[in-house]
Each structure stands twice: as structure tokens, then as C-alpha cells.
Amino acid sequence: MTTISDGTTTLHPVIWMDYESTRQAGTRTHTLVSGAQAITLAPAGPRRVRVALLFDDEAASVACETMHTGTAVITITEDGRPTHSMQYVVVGDIRRELDKETAAVWIVSAEVQEIGAP
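Below is a summary of the structure that appears in this document. Everything numeric in this text was worked out from a predicted model, so none of it was measured.

**Examining the overall build of the chain**
Looking only at helices and strands, the chain has 1 helix and 9 strands in total. Counting helices and strands in the order they occur from the N terminus, the chain gives β-β-β-β-β-β-α-β-β-β. Here the C-alpha atoms of the chain give a radius of gyration of 18 Å, more than 25% beyond the 13 Å that 2.2 N^0.38 yields for 118 residues. By its C-alpha atoms, the chain is 65 × 30 × 30 Å across when sized along the principal axes. For the chain, buried positions account for 31% of its 118 residues. In the chain, the proportion of contacts linking residues at least 24 apart, taken out of those at least 6 apart, comes to 62%. When the accessible surface of the chain is summed, it comes to about 7200 Å², and 52% of that surface belongs to carbon and sulfur atoms. Of the charged side chains in the chain, 9 are positive and 15 negative; the average position of the first set lies 10 Å away from that of the second.

Encoded structure:
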């Protein structure tokens, strides 16, 4: 079961239907005047993730959209998928849409940045 919470509101979407993560590499290369390459080794940055959550309840989808427009740190966990569990803040678009095929379920998606593990 997926659980998402901002510390005040806790929601359980029907399914966590999309997860796409990217990380910016920390290593940099620099071309020196001599033409040689200088390398600065550094770990990759935190995950940037696009999450999409499916709700079969319109009020819950509105609550989820509202949660993502706030200023709280959000925690999301998924039973059986420990790599998905994280704390994050919203850094991009927030979208809520009615599923075009069923016109009965709602999809809430957001572009977020991981700030830690729950």
C-alpha cells in the first residue's frame, strides 16, 4: 500500500502508477590551458522524481493536489518497494487530471526532489 503524508494529512492512493527518477552527476571535468583534463570527483546529487498517483476518490485527489501545493516536507512510502520510499519537496509542476479513458479516476502527479529517506 502506498502512503503519502505531509505530517497533517495522510492519504492512500489506489496505486503509485509512475516513478521516474534522475540524478545529476557530481563529477566534473575541466580542460586546462595545456589541453590536459582535470577531473573533480563528486557523488551524484539527490534524486529528482516524477511521481504519479491514482485516486478513485475525487476529494482525495484534491487533498493530494493541495498537499503538494503547500510548504511541508512530504513523506511517501510503498510497501515492498523500499527504493521508492523517500521524503521530498515539490520543485516543479503539480498536475491533477481526470483519467480520459474511464472518466472515473484521478491522477495527481508532481515533479519533486528527494531530501532524505523516511
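Don't stop here, the text continues.
**Points about the nonpolar core**
Among the nonpolar cores identified, the biggest contains 18 residues, and Ile4, Leu53, Phe55, Ile76, Met86 and Tyr88 are the most heavily contacted of them. Elements with a minimum of two residues in this core: β6 (48-55), α1 (58-69), β7 (74-78), β8 (86-98) and β9 (106-116). The contact partners of Phe55, leaving out residues within four places of it in the chain, are Leu11, His12, Pro13, Val14, Ala60, Ser61, Cys64, Val105, Trp106 and Val108.

Rules behind the numbers
- Residues numbered from 1 in each chain as written.
- Predicted model: local features only at pLDDT ≥ 70, side-chain atom pairs only at ≥ 80, totals over all residues.
- Heavy atoms only, no water.
- Helix = DSSP H or I, 4+ residues; strand = E, 2+ residues; numbered from the N terminus.
- Rg over C-alpha atoms; globule rule 2.2 N^0.38 Å.
- Buried < 20%, exposed > 50% of the residue type's maximum accessible area, 1.4 Å probe, protein only.
- Contact = heavy atoms within 4.5 Å.
- Areas by Shrake-Rupley, 256 points an atom, 1.4 Å probe, with all protein chains shown as cover.
- Lys, Arg positive; Asp, Glu negative; His and termini not counted.
- Charge placed at Lys NZ, Arg CZ, Asp CG, Glu CD.
- Core = buried A, V, L, I, M, F, W, Y, C linked by side-chain atoms within 4.5 Å.

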